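# Observations on chain architecture
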Amino acid sequence: MPRAGERIVKRIPHLRWWIVALICAGTIANYLARNSLGVLAPELKTSMSISTAQYSYVVMAFQLAYTVMQPIAGYIVDRFGLRAGFAFFGIAWSAANMLHALAGGWISLAFFRGLLGLAEAAAIPSGMKAIAEWFPARERSIATGWFNAGTSLGALIAPPLVVAVALWGNWRLAFIVTGAVGLVWAAAWYAFYRSPTEHPAITPREQAMIAEDRPKIPARKASAREILSSARFWVIAVPRFLAEPAWQTFSFWIPLYLATERHMDLAHIAAFAWLPFLAADLGGVLGGYLSPFFMKRFHVNLIPSRVLGISLGAVLMIAPGCIGLAVSPYVAIALFCIGGFAHQMISVLINTLSADVFTPEEVGTANGFVGQAGWVGGLLFTFLIGQYADRVGYAPLFAALGIFDLIGAAVLIAFVRRLSLPQMETRS
């Protein structure tokens with residue numbers, strides 16, 4: 001019997017999937033704020049007289065801040081806990097996005113964009129840490145697929161929502177509205193989230209199932225030097241470095257490409273620019289189910305099943321590499337859709353690998369470093385687009401994206417034996 005005044009909390013079966021839904025909502029808010037800039041790029045270039053090169057500097061300010069901050073954000077959530085850490089970063093990115101409304105030129109826009117990058121860097125490391133805490137290995141890729149769907153959903157919602165607010169009010173109001181969404185989510189996260197050992201609504205059966213699957217090695221968080229010097233880190237980081245330029249190109253450059261190369265206006269961009277992100281959602285969710293399918297149908301082990309799915313996505317990435325050959329904007333959008341589908345398959349499985357080969361105590365930091373490697377690749381490729389898109393066009397740049405993922409898949413296949421937890425390495 002509960003004591004007088006003690007609140008009775010109802011147990012929730014399969015609580016871990018509600019946790020995934022909450023993380024997904026956070027990534028939706030995160031990517032809605034992030035993709036607002038890309039949707040508004042044609043309008044901002046006109047109203048602020050921003051050149052293509054200057055726009056690339058604005059994008060790079062976000063990318064540079066995000067790149068530097070990812071392992072730091074991962075360390076913070078490892079050190080101070082997911083509940084407080086993720087909520088803090090949610091409030092921070094919301095405020096930073098709303099500050100975009102004060103921009104008066106590309107320099108101030110770049111400054112606010114940098115603040116947004118610092119705050120948003122916590123999203124993926126935090127989500128992967130939560131999945132490592134809440135899910136057994138056999139379910140992690142599925143959970144990551146649904147959590148990762150939030151990245152595409154946010155990008156999918158951004159074009160129609162941002163354009164609607166901008167046309168009803170103005171571009172400044174669009175930044176305020178998309179930023180405010182994150183404040184609502186941060187409050188919900190802090191109110192509901194707890195770790196599996198502390199959550200009052202978890203059933204004893206689910207808690208036992210999660211505890212049973214945790215690695216039977218000492219719960220010691222590896223130092224940054226140990227993570228960076230491990231072979232398993234680099235085998236994941238190199239493919240992530242090669243894969244990330246595609247997603248950042250889709251997120252920040254599709255509206256501008258459609259406006260400059262395909263001569264679409266803002267209304268037409270709003271009507272079509274969300275389609276690649278819908279396809280990306282489907283690819284992300286399917287990517288999560290691919291690994292268990294390969295394990296069950298073809299009796300492939302856990303890590304090789306992830307690599308097989310990544311390799312399939314890399315082959316599909318040949319499609320966006322052919323965008324320069326598209327005869328119409330609608331064919332180009334269709335190829336973007338295949339690219340979004342393929343990239344999110346790759347992204348889900350690469351992120352899941354970090355939870356497979358690093359312990360829950362260190363995965364936030366490790367995934368932050370993996371993400372940093374990816375964002376270095378995205379930053380460098382954005383610089384190339386800014387410098388060469390007006391000179392040579394987008395076609396050769398898009399072609400490079402397909403080649404990058406094929407190289408990344410080859411790296412994973414060649415070094416797949418390096419992907420194991422330390423305890424597994426000592427047994428081999």
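Residues numbered from 1 in each chain as written. Predicted model: local features only at pLDDT ≥ 70, side-chain atom pairs only at ≥ 80, totals over all residues. Heavy atoms only, no water.

Okay, the packing of helix α2 (residues 52-80) against helix α3 (residues 82-99) next. Running from N to C, α2 and α3 cross one another at 140°; their axes reach a closest spacing of 8 Å. As judged from the angle between their axes, α2 and α3 are oblique. Contact with α2, carried on its side by Met69, Ala73, Ile76 and Val77, involves Leu82, Gly85, Phe86 and Phe89 of α3 and no other residues of that element. By residue class, the composition of the contact of α2 with α3 is 7 nonpolar, 1 polar and no charged. (Axes fitted to C-alpha atoms, helices over the stretch in contact; angles between N-to-C directions. Helix = DSSP H or I, 4+ residues; strand = E, 2+ residues; numbered from the N terminus. Parallel < 35°, antiparallel > 145°, perpendicular 65-115°, else oblique. Contact = heavy atoms within 4.5 Å. Nonpolar A, V, L, I, M, F, W, Y, C, P; charged D, E, K, R; others polar.)

Per-residue confidence for the chain averages 86 on the pLDDT scale, and 94% of its residues sit at or above 70. Overall, residues 1-6 carries pLDDT values under 50, and its contacts beyond four positions in sequence, including any with other chains, amount to 1 contact. Under a pLDDT of 50 for its full length, residues 424-428 has, in the predicted model, 3 contacts with residues more than four places off or in other chains. (pLDDT = per-residue confidence, 0-100.)

A surface patch of nonpolar side chains, amounting to about 430 Å² of accessible area, comprises Tyr57, Phe383, Leu384, Tyr388 and Val392. Here the element with the most residues in the nonpolar patch is helix α15 (residues 363-392); it accounts for 4 residues. If you trace the backbone, Phe383 turns up in helix α15. Overall, Phe383 belongs to the partly exposed group, its relative accessible area being 38%. (Patch = residues over 30% accessible without salt bridge, like charges linked within 9 Å, V, L, I, M, F, W, Y side chains within 5 Å. Areas by Shrake-Rupley, 256 points an atom, 1.4 Å probe, with all protein chains shown as cover. Salt bridge = Lys/Arg side-chain N within 4 Å of Asp/Glu carboxyl O. Buried < 20%, exposed > 50% of the residue type's maximum accessible area, 1.4 Å probe, protein only.)

Attention shifts here to the pattern of salt bridges. A full pass over the atoms with the stated rule returns 8 salt bridges. Measuring nitrogen to oxygen at the nearest pair gives 2.8 Å for the salt bridge that ties Glu139 to Arg16. With Glu139 in helix α6 (residues 137-168) and Arg16 in helix α1 (residues 15-47), this pair connects stretches of sequence that are 123 residues apart. The same class applies to Glu139 as to Arg16, namely buried. Between Arg306 and Asp356 there is a salt bridge; the shortest N-O distance is 2.7 Å. Of this pair, Arg306 sits in helix α13 (residues 302-316) while Asp356 sits in helix α14 (residues 329-357), placing them 50 residues apart in sequence. A single burial state applies to Arg306 and to Asp356, both of which are buried. One network of salt bridges, with partners in common, ties together Arg16, Glu139 and Glu206.

The next subject is helix α10 (residues 231-260). With 30 residues, α10 extends 43 Å between its outermost C-alpha atoms, agreeing within 8% with the 44 Å of an ideal straight helix rising 1.5 Å per residue. Along its length, α10 shows its largest kink, about 60°, at Trp253, and proline Pro255 lies within four residues downstream of that point. In terms of burial, α10 is a largely internal element, 24 of the 30 residues being buried. (Expected span 1.5 Å × (residues − 1). Bend = angle between axes of the 7 residues up to and from the residue.)

This part takes up the side chain of Asn35. For Asn35, the location among the structural elements is in helix α1. Excluding its chain neighbours within four sequence positions, the residues that come into contact with Asn35 are Ala155, Ala158, Ser251 and Phe277.

We now examine the state of the cysteines. Applying the stated criterion across every chain yields a total of 0 disulfides. As a non-bridged cysteine, Cys24 has Cys337 as the owner of its nearest cysteine sulfur, 19 Å distant. Classification of Cys24 by relative accessible area gives buried; the value is 12%. (Disulfide = S-S within 2.5 Å.)

Applying the stated criterion across every chain, the model contains 30 aromatic pairs. Taken together, a centroid distance of 5.2 Å and an interplanar angle of 85° make the contact between Tyr55 and Trp253 edge-to-face. A residue pair is termed long-range when its members are at least 10 positions apart, and Tyr55 in helix α2 and Trp253 in helix α10 qualify at 198 residues. Take Tyr55: its relative accessible area is 3%, and that puts it in the buried class. For the ring pair Tyr257 and Phe336, a centre distance of 5.6 Å and an interplane angle of 80° mean the geometry is edge-to-face. Taken as a pair, Tyr257 in helix α10 and Phe336 in helix α14 lie far apart in primary sequence, 79 residues in all. The class for Tyr257 is buried, based on a relative accessible area of 2%. Judged by relative accessible area, Phe336 falls into the buried class, the value being 0%. One Lys or Arg, Arg34, reaches over the ring of Tyr31 and ends 3.9 Å from the middle of that ring. In this structure, Arg297 packs its charged tip against the face of Phe298, placed 5.5 Å from the ring centre. (Phe/Tyr/Trp six-rings, centres within 6.5 Å; stacked < 30°, edge-to-face > 60°. Lys NZ or Arg CZ within 6 Å of the ring centre and 35° of its normal.)

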